[in-house]
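Below are the chains, spelled out letter by letter.
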Amino acid sequence: MLILGIDPGSRITGYGVLDVATAMPRYVASGCIRIQADDLAQKLAQVYAGISELIAVHCPAEFAIEQVFMARNADSALKLGQARGTAIVCAANHGLPVSEYGPRQIKQAVAGTGSADKSQVQHMVTAILGLDGTPQADAADALAIALTHAHARRGLVNAGSFGGHRRRRRGDSWRDYKP
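Note that the structure is predicted; figures quoted are calculated from it, not measured. (Residues numbered from 1 in each chain as written. Predicted model: local features only at pLDDT ≥ 70, side-chain atom pairs only at ≥ 80, totals over all residues. Heavy atoms only, no water.)

### Points about helix 5 (residues 137-153)
Here comes step 1: With 17 residues, helix 5 should cover 24 Å at 1.5 Å per step; its first-to-last C-alpha distance of 24 Å lies within 8% of that length.
Here comes step 2: When you tally the buried positions in helix 5, you get 14 out of 17 residues, the bulk of the element.
Here comes step 3: You can read the cap of helix 5 off the contacts: a side-chain oxygen lies 2.7 Å from the backbone nitrogen of Asp-138, and it is on Gln-136.
Here comes step 4: Of the residues trailing helix 5, Gly-155 is marked for its positive phi of about 75 degrees. (Helix = DSSP H or I, 4+ residues; strand = E, 2+ residues; numbered from the N terminus. Expected span 1.5 Å × (residues − 1). Buried < 20%, exposed > 50% of the residue type's maximum accessible area, 1.4 Å probe, protein only. Polar contact = N/O pair within 3.5 Å; in protein donor to acceptor, adjacent residues only side chain to side chain.)

What follows is the structure in structure tokens.
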């Protein structure tokens, strides 16, 4: 079963495809959809077409995307939201279930801390998936989103992800934990 993770953007949209048929997610593909248009409508059309092509090529069973976060620049946040909405509509039109994850949740699931920077996320994605090289930042973010979804499917995200640690209070038992 394949998961398509998307890191939306109006200039660069990262993507990552993971096979989660086994206990450990396996890398399938990653990269970036580079938007060439200047007009917003054409940019969104290119995001839609690029994701549609990825879905046709890889036939994922599930779709995961980053939630919108508050940016300092309102115009940038609006454009990001429009690219994100376009990606979600594309997935929905192809019949894929859509899961959304916040930036801190993704960083926590992959790097063990919600305040990880891009280089830490890239490093951890490379290590977790056993990649030979470091993926471009947007592609690494998309793979991190797919990894987060893979962990969420197994109930590991709220438990501290892989390799992460959940703080327990005195008297807590792992059996008491409910995601």
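Structure shown, so let's carry the discussion forward.
### Observations regarding the nonpolar core
Here comes step 1: Of all hydrophobic cores here, the largest spans 19 residues; its most connected members are Leu-18, Val-110, Val-125, Leu-129, Leu-143, Ala-144 and Leu-147.
Here comes step 2: Looking at this core, the elements with two or more residues in it are helix 3 (103-111), helix 4 (118-129) and helix 5.
Here comes step 3: Per-element tally for this core: the top contributor is helix 5, with 6 residues.
Here comes step 4: Those residues in contact with Leu-18, other than ones at most four positions away along the chain, are Met-1, Leu-2, Ile-3, Pro-25, Arg-26, Tyr-27, Val-28, Leu-129, Leu-143, Ala-146 and Leu-147.
Here comes step 5: In terms of nonpolar packing, the next biggest core, distinct from the first, is built from 18 residues, Val-17, Leu-54, Ile-55 and Ile-65 among them. (Core = buried A, V, L, I, M, F, W, Y, C linked by side-chain atoms within 4.5 Å. Contact = heavy atoms within 4.5 Å.)

### A look at helix 1 (residues 40-58)
Here comes step 1: Over its 19 residues, helix 1 extends 27 Å from the first C-alpha to the last, a length consistent with the 27 Å expected when each residue adds 1.5 Å.
Here comes step 2: Taken together, the buried positions of helix 1 are Lys-43, Leu-44, Val-47, Gly-50, Ile-51, Leu-54, Ile-55 and His-58. Within helix 1, the buried residues cover an arc of 135 degrees as seen down the axis, which keeps them to one side. Of the exposed residues in helix 1, those oriented more than 90 degrees away from the buried face are Glu-53, Ala-56 and Val-57.
Here comes step 3: Looking at the packing, one finds that the buried side of helix 1 touches strand 1 (2-7), strand 2 (12-19), strand 3 (26-34), strand 4 (62-66) and helix 2 (74-93).
Here comes step 4: Count one or two residues on from helix 1 and you reach Cys-59, which has phi positive near 50 degrees. (Arc of directions from axis to C-beta.)

### Quick look at the side chain of Glu-62
Here comes step 1: The residue Glu-62 is located in strand 4 in this model.
Here comes step 2: A distance of 3.0 Å separates a polar atom in the side chain of Glu-62 from a polar atom in the side chain of Arg-153.
Here comes step 3: Aside from chain neighbours lying at most four places away, what touches Glu-62 is Met-1, Leu-2, Ile-3, Leu-4, Leu-96, Pro-97, His-149 and Arg-153.

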